[in-house]
Structures are given as C-alpha cells and as structure tokens.
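So you can see what is in the structure, the chains are spelled out below.
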There are 2 protein chains.
Amino acid sequence: MSAAPAAPAASSAPVVVQKYGGTSVGDVERLQRVARRIADTHRAGNRVLAVVSAMGDTTDDLVGMAAAVNGRPPQRELDILLTSGERIAMSLLAMAVEALGVPARSFTGSQAGIITDAVHGKARIVDVTPQRVRDALDEGRVVIVAGFQGVSRDTKDITTLGRGGSDTTAVAMAAALDADVCEIHTDVDGVYTADPRLVPDARKLDRLSFEEMLELAAQGAKVLQVRSVEFGRNHGVRIHVRSSFNGSEGTWIVPQEDMVEDAIISGVAHDTSEAKVTVVGVPDRPGVAAGLFSALAGATINVDMIVQNVSSAGRTDISFTVPRGEVDEARELLAPRLGEIGAEDLVVDPAVAKVSLVGAGMKTHPGVAARMFTALSAAGVNIQMISTSTIRVSVVVADADVATAVRAVHDEFALAGDAVVAEQGAG
Amino acid sequence: MSAAPAAPAASSAPVVVQKYGGTSVGDVERLQRVARRIADTHRAGNRVLAVVSAMGDTTDDLVGMAAAVNGRPPQRELDILLTSGERIAMSLLAMAVEALGVPARSFTGSQAGIITDAVHGKARIVDVTPQRVRDALDEGRVVIVAGFQGVSRDTKDITTLGRGGSDTTAVAMAAALDADVCEIHTDVDGVYTADPRLVPDARKLDRLSFEEMLELAAQGAKVLQVRSVEFGRNHGVRIHVRSSFNGSEGTWIVPQEDMVEDAIISGVAHDTSEAKVTVVGVPDRPGVAAGLFSALAGATINVDMIVQNVSSAGRTDISFTVPRGEVDEARELLAPRLGEIGAEDLVVDPAVAKVSLVGAGMKTHPGVAARMFTALSAAGVNIQMISTSTIRVSVVVADADVATAVRAVHDEFALAGDAVVAEQGAG
C-alpha cells in the first residue's frame with residue numbers, strides 16, 4: 001500500500017539533496033531515524049532527494065562472499081554484487097519514509113540516470129539524465145537514490161563509483177537538479193583540522209574552499225570522496241558536511257571567492273592506504289618514466305605521489321605510491337619490464353603513511369614547508385618522500401610514525417580548538 | 001580478471017537451460033557445486049543458460065526486514081528489495097563458474113529481456129527480448145540469469161513473478177532461445193505420485209503430460225510454478241525436473257501426444273496455503289456472484305475454487321478459496337458490500353486443505369470421483385467442498401485431515417512404488 005501522494009510541492013520549493021552513509025543506516029533503528037529526518041525536511045517545505053549507501057558492513061560482507069568463490073572475481077560481476085547493498089538500503093528506506101505517511105520512491109543509479117564510463121570498480125560519471133527523479137519530485141514524493149552506482153553508456157552494464165562513491169552520486173544529482181544544497185550526513189560533525197582519533201583537540205572547520213577540501217580529501221581525509229568535491233567545484237554545488245545524529249551546523253564547502261580570508265593552514269590529513277614502490281637504478285635517459293607510468297595508467301592503477309631524485313653515475317631511483325590494493329598488480333606489471341628498461345630492482349614497502357598540510361594561505365605565506373619539516377624532525381620522524389602543490393605539502397613517513405607526525409604538525413601550526421588562528425575565515 | 005572467452009560454441013550446439021532453486025545454492029559450497037555442474041554441461045559441448053534463485057532463506061530474511069520498517073510495505077519497493085537476493089546469487093554464481101576457467105556473464109531479469117506487466121509481486125511475462133543473452137552465448141560464455149524478476153514495459157519498474165517465479169523465468173528463456181531442454185534442478189528427484197513427506201511409498205513419475213503437471217502444480221505440488229508449466233505447454237518447451245544433487249533422470253514434462261498411454265491417475269496433490277471464505281445468505285439473483293468476484297479480481301486476489309449450492313428460500317451460500325496471505329484483503333474488500341448485495345454474513349476459515357487427484361486417463365474411466373469420495377469417507381475424512389475438471393477431482397477438507405486424506409486416496413488408486421499401474425505410460 002502506498003501512501004497517497006501529497007499535494008505536489010511547488011516547483012519553486014527548494015531542492016535539498018541529502019546523502020546518508022552506511023553507518024547512518026547501520027541497522028533498522030538508525031534507518032528509521034534517517035527516515036524521520038527525511039520526512040521532517042520534506043514537511044518543512046522542501047523537495048527532498050536522499051542518496052543512501054549500503055547498510056553497515058554489507059559491502060564488506062559481499063566482498064568477502066565474492067572472495068570465497070573466486071580469488072580474483074571479475075570486476076563486472078563484483079559491481080553487480082556490490083550494488084545489491086544499496087538496493088536493499090534504498091528500498092527499505094523508501095518503505096520507512098512511507099510508513100511515516102510521506103510518499104516515497106526509490107531509484108537505482110541506473111534508474112536515476114547516473115550514466116558512467118565502463119571502468120568497473122571506479123567508474124566516472126559522464127552524464128546525469130534525471131527525468132524519472134524529477135517527475136517523482138514533481139509528484140510531491142521524496143526520492144531515494146542508491147549511491148555508489150551507475151550504468152555504463154557503452155556496455156549497459158552496472159558500474160560502481162569506488163569507495164565513497166555515494167558522495168559523488170549525491171553531488172552529481174544535486175548538480176543535475178540545480179539543488180539548493182547538498183548535505184553530506186555522516187558520523188562526524190564536519191571536517192576537522194585533523195582526524196580527532198589521532199588528535200583529540202582537533203577543531204571543526206566552519207567553512208573550507210573547494211580547493212582545500214579537494215587537497216584534504218585527496219590526501220586521506222575520509223569525510224568526502226575526492227571526485228564528489230571536484231564535481232561540486234565544477235558545477236557550483238553548495239556542499240554541507242554535517243552529522244546525521246544531530247541538527248548542528250557542520251562544515252560548508254564553498255567557492256574560493258566566498259572565503260572571507262584564507263587560513264594559512266586549514267588542516268592536516270593523513271593516509272595509510274598506500275604503498276611505496278621504488279624502481280632502483282633506472283638509466284637516466286628520456287622515455288623511461290613515461291614507459292613505466294603509461295603501463296600503470298593502462299591498467300588503471302592510480303599512481304599518487306611520484307619522486308625522482310637527481311641521478312648519480314647515469315642512474316636514478318624512481319619512487320611512487322599506489323593504493324595498497326593495487327600494489328600486487330603494479331608489481332606484476334612492472335617486474336617483467338625491469339630488464340627491458342635496464343633497471344636494477346623493484347622494491348615495495350607497504351608500511352608507509354602520507355601526512356599532508358593543506359591551506360589556501362600557503363600561497364602567500366612562504367616558509368610553511370620548512371616549519372613542517374622542522375617540526376617533524378624535532379618529533380623524531382624521518383621523511384621518506386616529499387611532494388608539494390601551491391596549497392599543500394605532503395610527506396611520506398613510516399606507518400608507525402603517523403600519529404606522532406600528525407600531532408607534531410597540528411601543534412606546530414596551532415590548529416587546536418582553543419587556539420586563535422588569525423587568518424581563519426569567519427564561519 | 002575475467003577468464004578468456006572460450007572459442008564460441010558452434011551456433012548449432014544444443015542450448016541447455018538449467019534452473020537452480022534457493023536450496024541448491026543455499027551456501028557457498030552448494031553454489032560451487034552448482035558452478036561445477038554448469039561448467040561440466042558447458043564442457044560437454046552445450047550452450048548453457050542457468051537461472052538462479054536467491055540463496056537459501058535470503059528472500060524470507062528480506063521480507064522480514066521490510067516488515068520491520070513498514071507493516072504494509074509498498075509493493076513496488078518490496079519488489080526492488082526482494083530482487084536483490086537473486087542479484088547476489090547470480091553474480092556469485094558467475095564468479096564461481098569463472099573460477100573454474102569457464103567464461104560467464106550474469107544478467108538481471110531486466111538485462112535478460114524479461115518484460116512483464118506492472119502487477120508488482122505477481123507480474124506476468126508479456127515478452128522476452130533476449131538479445132544480450134544471445135550475444136553472450138554466441139561469444140562462448142555461460143549465461144547466468146536472475147530468476148523471479150523482470151521489468152515492467154509500462155512503468156520501467158522492477159517486478160517480481162511471485163513465489164516459484166524462477167521456474168517461469170527458466171521456461172520463458174528456454175522458449176525464447178528455442179532451447180533443447182529446460183532442466184529444473186531441485187532438491188527432490190522429480191515429480192512424485194504424492195508428497196513423500198506425507199506418503200513415504202510415493203513413486204517418482206518418469207513422464208507426465210503438461211496438462212497433468214498443470215493440474216498437479218495448480219493443486220499444490222510445489223515442484224514447479226503453475227505459470228512455468230503453462231508457458232512450457234504454450235511454447236513447446238521440453239521440461240526435465242531433476243535433482244541438483246545427483247545425475248539421475250528425473251521426470252519429463254511432455255506434450256500429451258508424447259505419452260504412450262494415459263495413466264488413470266498420475267498423482268495426488270495437496271495444498272494447505274489457502275483459506276475458505278463463505279458469503280452466507282446471498283439473494284439468488286443474477287449479478288451477485290459477478291459483483292463479488294469482479295471486486296476480488298480488481299484487487300488481483302487469486303480466487304481458486306468456487307462452489308455455489310442450490311438455493312433454498314431464495315438464498316444461497318457462495319464459498320471460495322483464496323491464498324491465506326490475501327484473505328484479510330478479501331475480507332476488507334467484501335465486508336462493506338454485504339449490505340449492498342443483501343448477504344447475511346461473511347465467514348472465513350483458514351484451517352482448510354485441498355486434496356486433488358490428477359490423471360489424464362480419468363476422461364475415459366468413469367467412477368474415479370466416486371472411488372475417491374468413498375475412500376475418504378472410509379478414512380473418516382469429511383468433505384467440505386468439491387470441484388472437478390476433466391482430469392482432476394479436488395476436495396476441500398479440514399487442515400487436520402490432510403495427511404490422512406492424501407494417504408487414503410494414494411492407497412485407493414495403488415500409486416505406491418511397488419504397485420503395478422497397468423495404464424501408466426512407459427517412461
């Protein structure tokens with residue numbers, strides 16, 4: 001039995017997109033709490049589209065089942081399997097919203113018009129055709145969309161957008177519907193100056209630029225998927241990261257021009273999900289690096305940091321980081337080519353961590369990198385690799401040093417809750 | 001990593017459709033056994049399409065979750081939820097087949113071209129457009145299709161075909177692909193003269209006509225969904241019901257003309273899933289029954305047996321049976337109309353069972369019904385309702401009498417394993 005559709009919301013009513021992660025819908029009670037939140041937003045006069053992830057550990061459980069039947073499950077089949085989790089969550093959430101007397105409809109990524117390329121496991125959204133979703137909103141319904149998934153334009157196969165892909169689903173739907181806000185409901189209160197589990201006095205940020213959020217997310221801050229931030233920046237989506245457990249304001253991600261003043265440093269991110277690969281004794285001649293990284297790109301392995309030192313005696317070492325889950329594939333790909341390119345050895349070190357300092361004010365305040373390296377040295381942390389952008393300094397350190405390193409840098413730049421950071425933009 | 005496609009099977013290679021029920025894929029080990037069976041059939045030179053149900057109790061678990069969030073979950077959302085079970089099973093099965101070195105692809109009902117009407121929960125297949133499936137078979141792949149589901153032509157929504165719907169998916173795919181055989185792999189060895197749990201000496205039938213199978217399935221034999229038999233008869237699909245646990249021959253369902261000789265009686269079916277509804281004291285005038293049953297049909301409630309007695313004093317009673325799950329809806333629908341049609345009362349009895357005797361030879365052997373009623377009477381079983389077709393006699397009895405009734409009838413017609421039934425068609 002469907003609840004009778006409410007009077008259609010005026011097409012001038014604000015469109016609010018809300019994303020709820022797996023923890024927020026971890027069990028039936030939490031799912032019902034999310035349903036109440038959605039119904040309240042609808043009753044407050046908004047047109048609501050909610051994007052939902054799989055409940056709790058569903059995705060991990062499904063990955064475990066796949067591993068039990070096939071050590072290397074075909075990616076196409078894995079994508080079909082994993083998207084079941086969001087289907088279950090979305091239909092249950094629609095039922096829970098209907099139980100509150102608010103008409104609701106759920107749509108898979110494909111039904112909602114999330115069109116992607118055909119790269120299974122980490123597909124990119126290439127188009128959004130939200131006609132069915134728009135019709136349902138016009139009928140006065142709450143719309144629930146399965147996160148993390150889409151359909152390939154070329155193969156018509158189901159694809160997934162990678163870990164955290166539901167964020168990107170939400171931002172893409174918000175862009176396509178010209179939503180007033182895209183709320184990312186999560187299990188923390190917003191974006192912090194550092195991971196509060198490592199740095200207990202980390203401070204919640206009221207406001208961040210897209211560029212800063214992009215760097216923080218790319219360098220390991222798990223609060224938002226990188227692509228969702230890119231999508232938001234490119235389409236001017238207002239993103240609000242907030243807790244799904246209370247009503248307080250979280251962190252707004254806004255265009256650079258909306259920042260009142262730049263903070264020198266916005267936060268410290270860390271990432272323990274990568275491994276370091278070093279190709280030792282590479283002949284120092286043109287084309288070697290290109291050959292290496294073209295091969296990795298061809299296998300769609302995400303290479304992150306790349307460092308090449310000056311050569312000695314015509315040879316150099318090239319180091320780079322890749323996701324730990326892809327390091328075996330990288331090794332298998334490169335090992336047979338060592339002879340061909342004249343390299344001496346291939347060394348893999350999975351026990352590394354990356355610590356990054358991000359802040360838009362860095363551009364106009366020289367000496368930030370030097371202060372960071374000094375602080376790490378004083379804390380006894382050895383730096384293995386360095387890479388920088390205009391608003392970021394990243395270092396690779398030993399895995400075991402990560403907490404010490406994050407705290408040392410956080411302290412050095414006085415990011416703690418009770419510190420006054422003169423340049424921090426007003427909330 | 002996908003296994004490399006094998007050399008395409010010759011397009012003249014036999015097409016074998018296999019259906020595996022939820023028990024056959026109840027856990028990872030059983031799923032792997034099914035994968036081996038599929039791979040063996042492929043390696044024997046066949047083109048194989050396997051239809052799979054949800055693993056074990058998945059569907060019941062999902063129904064339970066739905067009930068926890070909404071006492072009356074919207075059917076559209078329930079269908080989306082339930083189809084997740086087959087998606088999980090189909091992708092895991094494809095992975096398991098690939099792990100054996102045989103290339104495989106899984107397809108949802110929608111992807112396999114199962115087009116239905118929009119009646120959620122018990123949709124009917126209106127067309128099959130199996131181009132993607134045919135392409136995959138032509139590429140030399142095993143094809144795995146999710147049973148029980150399709151997509152509505154009108155609403156583009158996901159639909160389900162009702163309990164046992166995977167049988168119909170299999171027969172429909174077999175018809176669309178002009179398959180050489182449609183094997184229904186199940187947890188019993190074939191179709192029996194009665195349920196072996198009630199009648200331990202029941203005998204496996206080697207061969208049955210579509211008409212007999214249709215009557216047996218319609219009267220409660222759970223081995224095949226009724227619609228699958230209809231579909232098979234209408235499209236000339238050879239159906240082989242066999243055990244998924246061993247390689248022995250099961251029961252073939254064949255056209256009447258392929259039966260060497262008709263058995264008087266093929267088997268006894270029973271059904272405890274229905275409830276009896278009696279509308280008491282109905283005025284005996286035209287249009288009353290039409291009004292009653294049009295209302296029930298409008299709500300897509302499946303009315304099975306209908307009995308109306310001769311009237312006395314211008315009034316009569318109309319009794320009918322409906323699925324127990326729909327009896328509350330039937331009561332809610334009819335109760336407010338009693339006054340309007342001038343009836344006196346509405347009585348519902350859920351504690352009934354239907355016992356049916358089926359056999360194509362009945363047409364030419366009079367007296368079968370009389371023998372059945374005598375046997376029941378001798379066993380002390382009271383008959384509440386009677387209905388017959390040319391090849392079937394059904395009675396409604398008290399739920400508590402069902403085992404006694406089935407055994408009495410089975411014995412009367414000497415259907416047991418060691419009995420010689422002269423008219424039984426050769427296997």
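From a predicted model like this one, the values you see are computed outputs, not experimental measurements.

Draft legend 1. Region of the structure containing the overall build of chain A. What chain A contains, in helices and strands, is 12 helices and 20 strands. Relative to the compact-globule value of 22 Å for 427 residues, chain A shows a C-alpha radius of gyration of 23 Å, a close match. Based on the C-alpha atoms only, the size of chain A along its principal axes is roughly 80 × 55 × 35 Å. A total of 427 residues make up chain A; the buried ones form 50% of that total. Across chain A, contacts joining residues at least 24 apart in sequence account for 75% of those joining residues at least 6 apart.

Draft legend 2. Quick peek at the sheet that holds strand β17 (residues 345-349) of chain A. Residue and element names in this part refer to chain A. Judged by pairing direction, the sheet is antiparallel, and its 4 strands sit side by side in the order β15-β16-β14-β17 without closing on themselves. Across the chains shown, the open sheet's two edge strands, defined by having one partner strand only, are β15 (306-308) and β17. When the angles between neighbouring strand axes are averaged without regard to direction, this sheet yields 15°. Where strand β14 (residues 274-283) lies against β17, 5 bridges are found, and the strand directions are antiparallel. Residue pairing for β17: Lys276 is matched across the bridge by Asp349. Against the sheet, helix α8 (residues 288-298) contacts β14, β15 and β16 (315-323), and its axis sits at roughly 145° relative to β14.

Draft legend 3. Geometry of the relation of the copies chain A and chain B. Of the transformation superimposing chain A on chain B, the axial component is 0.0 Å and the angular component is 180°, with the fit at an RMSD of 0.1 Å. Between the two chains, the operation in question is that of a two-fold axis. Proximity to the rotation axis, assessed at the C-alpha, singles out Ser84 of chain A in chain A; its C-alpha lies 2.7 Å from the axis. With an isologous cut-off of 70% or more, the 100% of interface residues of chain A that recur at the interface of chain B puts this contact in the isologous class.

Draft legend 4. Quick peek at the packing of helix α3 (residues 75-99) of chain A against helix α3 (residues 75-99) of chain B. As a packed pair, α3 of chain A and α3 of chain B sit with axes 8 Å apart at the nearest point and diverge in direction by 165°. As far as their axial angle goes, α3 of chain B and α3 of chain A are roughly antiparallel. When the axes of α3 of chain A and α3 of chain B are compared, the crossing they make is left-handed. Facing Glu77, Ile80, Leu81, Ser84, Arg87, Ile88, Ser91, Leu92, Ala94 and Met95 of chain A of α3 of chain A, the residues of α3 of chain B in contact are Glu77, Ile80, Leu81, Ser84, Arg87, Ile88, Ser91, Leu92, Ala94 and Met95 of chain B. When the residues that make up the contact of α3 of chain A with α3 of chain B are grouped by side-chain class, the tally is 12 nonpolar, 4 polar and 4 charged.

Draft legend 5. Focus on the interface of chain A and chain B. Taken together, the contact between chain A and chain B spans 27 residues of the former and 27 residues of the latter. Mapped onto the side of chain A that touches chain B, the elements with two or more residues apiece are α1 (28-43), α2 (58-69) and α3 of chain A. The element best represented in the side of chain A that touches chain B is α3 of chain A, accounting for 13 residues. Split by residue class, the side of chain A that touches chain B holds 17 nonpolar, 6 polar and 4 charged.

Draft legend 6. Local environment of the domain arrangement of chain A. Entries for chain A in the domain assignment read domain 1 (15-187) and domain 2 (258-427). Placing a centre on the C-alpha atoms of domain 1 of chain A and another on those of domain 2 of chain A gives a separation of 33 Å.

Draft legend 7. Structural detail: the sheet that holds strand β5 (residues 125-128) of chain B. Residues and elements named next belong to chain B. As summarised here, the arrangement of the 4 strands in space is β5-β4-β7-β8, forming an open sheet in which the pairing is mixed. Only two strands of the sheet have a single partner each, and these edge strands are β5 and β8 (158-160). With direction set aside, neighbouring strand axes in the sheet form an average angle of 45°. When strand β4 (residues 114-116) meets β5, the two strands line up antiparallel, connected through 3 bridges. Bridge assignment links Ile115 to a residue of β5, and that residue is Asp127. Together, β7 (149-152) and β8 form the strand contacts of α3, whose direction differs from that of β8 by roughly 75°. Running at roughly 40° to β5, helix α5 (residues 165-176) makes contact with β4, β5 and β8 of the sheet.

Draft legend 8. The environment of His42 of chain A, seen in detail. All names here are of chain A. Here His42 is to be found in helix α1. Separated by 60 residues in the primary sequence, His42 and Val102 have C-alpha atoms spaced 8.1 Å apart. When sequence neighbours within four positions are dropped, the list of residues in contact with His42 reads Val48, Val102 and Val142.

Draft legend 9. Region of the structure containing the pairing of β7 of chain B. All names here are of chain B. As paired elements, β4 and β7 share 2 bridges and run parallel to each other. Residue pairing across strands places Thr116 opposite Ser152, the latter belonging to β7. By the bridge criterion, 3 bridges tie β7 to β8 in an arrangement that is antiparallel. The residue of β8 that forms the bridge with Val151 is Ile158.

Draft legend 10. Just the environment of Gly367 of chain A, in detail. Residues and elements named next belong to chain A. Residue placement: Gly367 occurs in the loop between β18 (352-358) and α11 (368-378). Using a count of 9 C-beta atoms within 10 Å as the deciding quantity, one classes Gly367 as exposed. With 354 residues separating them in the primary sequence, Gly367 and Ala13 have C-alpha atoms 49 Å apart.

Draft legend 11. Molecular detail of the nonpolar core. Counting residues in each nonpolar core, the largest one holds 244 residues, and the members touching the most others are Leu93 and Met173 of chain A together with Leu93 and Met173 of chain B. The two domains that each donate at least three residues to this core are domain 1 (15-187) and domain 2 (258-427) of chain A.

Draft legend 12. Up close: the confidence of the model for chain A. All names here are of chain A. Mean pLDDT over chain A works out to 89, with 95% of the residues at or above the 70 mark. Predicted confidence is poor over residues 418-427, with pLDDT under 50, and the contacts of this stretch with residues over four places away or in other chains come to 19 contacts. ipTM for the predicted complex: 0.78, alongside a pTM of 0.82.

Draft legend 13. View of the pairing of strand β3 (residues 104-107) of chain B. Residues and elements named next belong to chain B. Of the two faces of β3, the one carrying Ala104 and Ser106 and the one carrying Arg105 and Phe107 are both buried. Of the pairings in the sheet, the one linking β3 to strand β6 (residues 142-146) comprises 4 bridges and is parallel in character. In the strand pairing of β6, Ala104 is matched with Val142.

About the cut-offs
- Residues numbered from 1 in each chain as written.
- Chains lettered and ligands numbered in written order.
- Predicted model: local features only at pLDDT ≥ 70, side-chain atom pairs only at ≥ 80, totals over all residues.
- Helix = DSSP H or I, 4+ residues; strand = E, 2+ residues; numbered from the N terminus.
- Rg over C-alpha atoms; globule rule 2.2 N^0.38 Å.
- Buried ≥ 20, exposed ≤ 12 C-beta atoms within 10 Å, placed from the backbone.
- Contact = placed C-beta atoms within 7 Å.
- Pairing = 2+ DSSP bridges.
- Axes fitted to C-alpha atoms, helices over the stretch in contact; angles between N-to-C directions.
- Least-squares fit on C-alpha atoms with pLDDT ≥ 70 in both.
- Parallel < 35°, antiparallel > 145°, perpendicular 65-115°, else oblique.
- Left-handed = near helix turned anticlockwise from the far one by under 90°.
- Nonpolar A, V, L, I, M, F, W, Y, C, P; charged D, E, K, R; others polar.
- Domains from an automatic or database assignment.
- Core = buried A, V, L, I, M, F, W, Y, C linked by C-beta atoms within 7 Å.
- pLDDT = per-residue confidence, 0-100.

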